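Here's the letter readout for the chains.
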Amino acid sequence: MLALPLSVPATAQDAAPGPLRITITDGVIEPLTVAVPPFVARNPAAQDLAEDISRVIAADLSNTGLFREIPRDAHISRVSSFDAPIEYSDWKAINAQALITGSVLVEPDGRIVVQFRLFDVFSEQPLGDGLQFVGTADGWRRMAHKVADAAYSRITGEGPYFDSRVVFVSETGPKDARQKRLAVMDYDGANVQYLTSSDSIVLAPRFSPDGTKIIYTGYESGFPRVTVIDVGTLEKQTVGGVDQNMSFAPRFSPDSGRVVYSAEVAGNTDLYVLDLASGTTNRLTTAPSIETAPSFSPDGSRIVFESDRSGQPQLYVMPASGGDGSRISYGEGRYGTPVWSPKGDYIAFTKQNAGRFHIGVMRTDGSEERLLTGAFLDEGPTWAPNGRVVMFTRETAGAQGAPALYSVDITGRNLQRAATPAAASDPSWGPLLQ
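The notes below deal with the structure included here. Numbering of residues begins from 1 in every chain and follows the order in which that chain's sequence is written. Since the coordinates come from a predicted model, pLDDT governs what is reported: local features require at least 70, and pairs of side-chain atoms require 80 or more to be given and counted, while whole-chain, interface and lining totals use all residues. Excluded from the side-chain calculations are hydrogens and water; all other atoms, namely the structure's heavy atoms, are used.

**Topic: the overall build of the protein**
Helix numbering and strand numbering both begin at the N terminus, where a helix is a DSSP run of H or I of at least 4 residues and a strand a DSSP run of E of at least 2. When its secondary structure is counted, the protein shows four helices and 32 strands. Relative to the 2.2 N^0.38 estimate, which gives 22 Å for 434 residues, the radius of gyration of the protein is 23 Å and therefore close to what a compact globule would have. Its C-alpha atoms give the protein principal-axis dimensions of about 75 × 45 × 45 Å. A burial count over the protein gives 54% of its 434 residues as buried. The reference for a compact globule is 2.2 Å times residues^0.38; the radius of gyration itself is calculated from the C-alpha atoms. Residue exposure (1.4 Å probe, protein chains only): buried if accessible area is under 20% of the type maximum, exposed if over 50%, otherwise partly exposed.

Have a look at this one:
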C-alpha cells in the first residue's frame, strides 16, 4: 500500500496545523464533534467502496470515545466534489469541529485510490496536508484505517493504532470442555483468520514486534511448550528447553530476535531467554520462588516479571541480562501478567484484591498506580501500538460464563467490548501494519 501527499492548493499545503487538539491523558469528558460525509465516488465502480470506507473511518474515530460523529442527516452541505471549496459556515452551523472529506477511485486494473483531507472547521484551515493511498481492492479496510489513523494522530498528537491486528484464543464449546485455537483479526474484529486447529490447547499468544511471527504456549506434546508460528506460512517450531521441561508465558524481545519465557526445571520455575538465531539459552533468575510472565522494556534493557518471592505474586523489574530485580508493586492484593507499554512510560498489569480482578497501569518505578477496570475476572492486558489503549480478557461468572475481549483507554474511560465471532481470550495487539 502506497501513501503520498496530495497535490492540493497552496493554502492547504502551506497551512500550519490549527489549534484543534485533544489531549488523551487529561481525560476528555466531552468528545470532539467530527463530520464524515460520504466520500465522493470518482467512478461508478467506486460507489459502494466510497460509502464503506467513510463508514469505517467514522467508526474508528467514534469508538475511541474521543470523537462524536455528527449524523449525516444533520449535514447542511453535501460534498459532491473532492476539490470543491469547503463551506465552513454550514459545518459551523451544526457544531462540527473537525471535517473529513475524501474520494475513491477504482482504476481499470482494480487498484483503489483513496484521497482525504482533514479540516479544522472553526479556524477554517486544513489540518495538515491531504494524503492519497493506493492499494488493492481487498485492502480497502486498511486504507480506511490509515485515513482514520492520520486524522486521529493530527488531532490528538498521539501515534496511530487502527491499522493493526490482534491475535487471540478463539474458544468454542461448553465451559468444561472448551476447544481453543489461535485466531488473528483486525483491531476492530474484522477479517478473522484461524491459525491453528482445535486439536490441542493453546494459550497466551504474543505477536512479534515486527509482526511476522506469533509465539504461544502449546500442548501438542502433552506438556506446555513454547511454540513459534510464522504468520505468513503457518509453519510452527517448538523452542526453549527439552520435552520433559514445561515452558510457558513467552514473549519476544523488541528486535524479535530473542524470546523470554518461564520454564520449570527440576521443580523450580525461573526465567530464561532464548536467542532464536543461535538457539542459545541463558537462565536469568535463580530464586527458589516462581518467576513468570516476563516482558521486555521497549529499548530491550529491562524486563518486568511476576514473582511470589515475597509470599504472594508481585511485580519486579530486572536488567535484561538477569538478576534479582527490584520490587515495584506495593499495593494491596496480588499482581500479575505485567506488560511494558510500547511508549515505555507505563506497565499494565492484572490485580486481584478483595474478590475482584482489575486491569491497571503504573509507572515503571511502581508509582502512580491506577486501576482501569474491576470485575469478576479481568486479566491479561495488552497494549495498542500507540501505548494509549489496553485490551484484555473479561470472563463472566457462572456455568454459562464465557470470556470476551474488552478495551479501555489509560484514563479508565471508554470501556468497550471487541467484536469476535465466538468467546475469546488472551489477546495480544500486534504492531502497525506496514
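**Quick notes on the pairing of strand β21 (residues 302–307)**
With five of six residues buried, β21 is to be regarded as a mostly interior element. Inspection of the sheet shows strand β20 (residues 291–296) paired to β21 by four bridges, in the antiparallel sense. Pairing of F296 across the sheet is with I303, part of β21. Taken together, β20 and the strand that follows it, β21, pair antiparallel across an intervening segment of five residues, in which G300 is found at a positive phi of about 75°. The pairing criterion is simple: DSSP has to find at least two bridges between the two strands. Bridge count for β21 against strand β22 (residues 314–319) is six bridges, and the pairing is antiparallel.

**Observations concerning the pattern of salt bridges**
Within this document, salt bridges are pairs made up of a side-chain nitrogen of Lys or Arg and a carboxyl oxygen of Asp or Glu, the two lying within 4 Å of each other. A complete count under the given rule lists 19 salt bridges for this structure. Across the pair R283 and D270 runs a salt bridge whose closest N-O atoms are separated by 2.6 Å. Linking R283 in strand β19 (residues 281–283) with D270 in strand β18 (residues 268–275), this pair joins segments that are 13 residues apart in sequence. Taking the relative accessible area as the measure of exposure, R283 reaches 44% and is therefore partly exposed. The buried category is assigned to D270, whose relative accessible area is 0%. Bridged by salt links that share partners, the residues E158, K343, D345 and R388 form one connected network.

In short, the description is geometric, and any link to function would need to be established separately.
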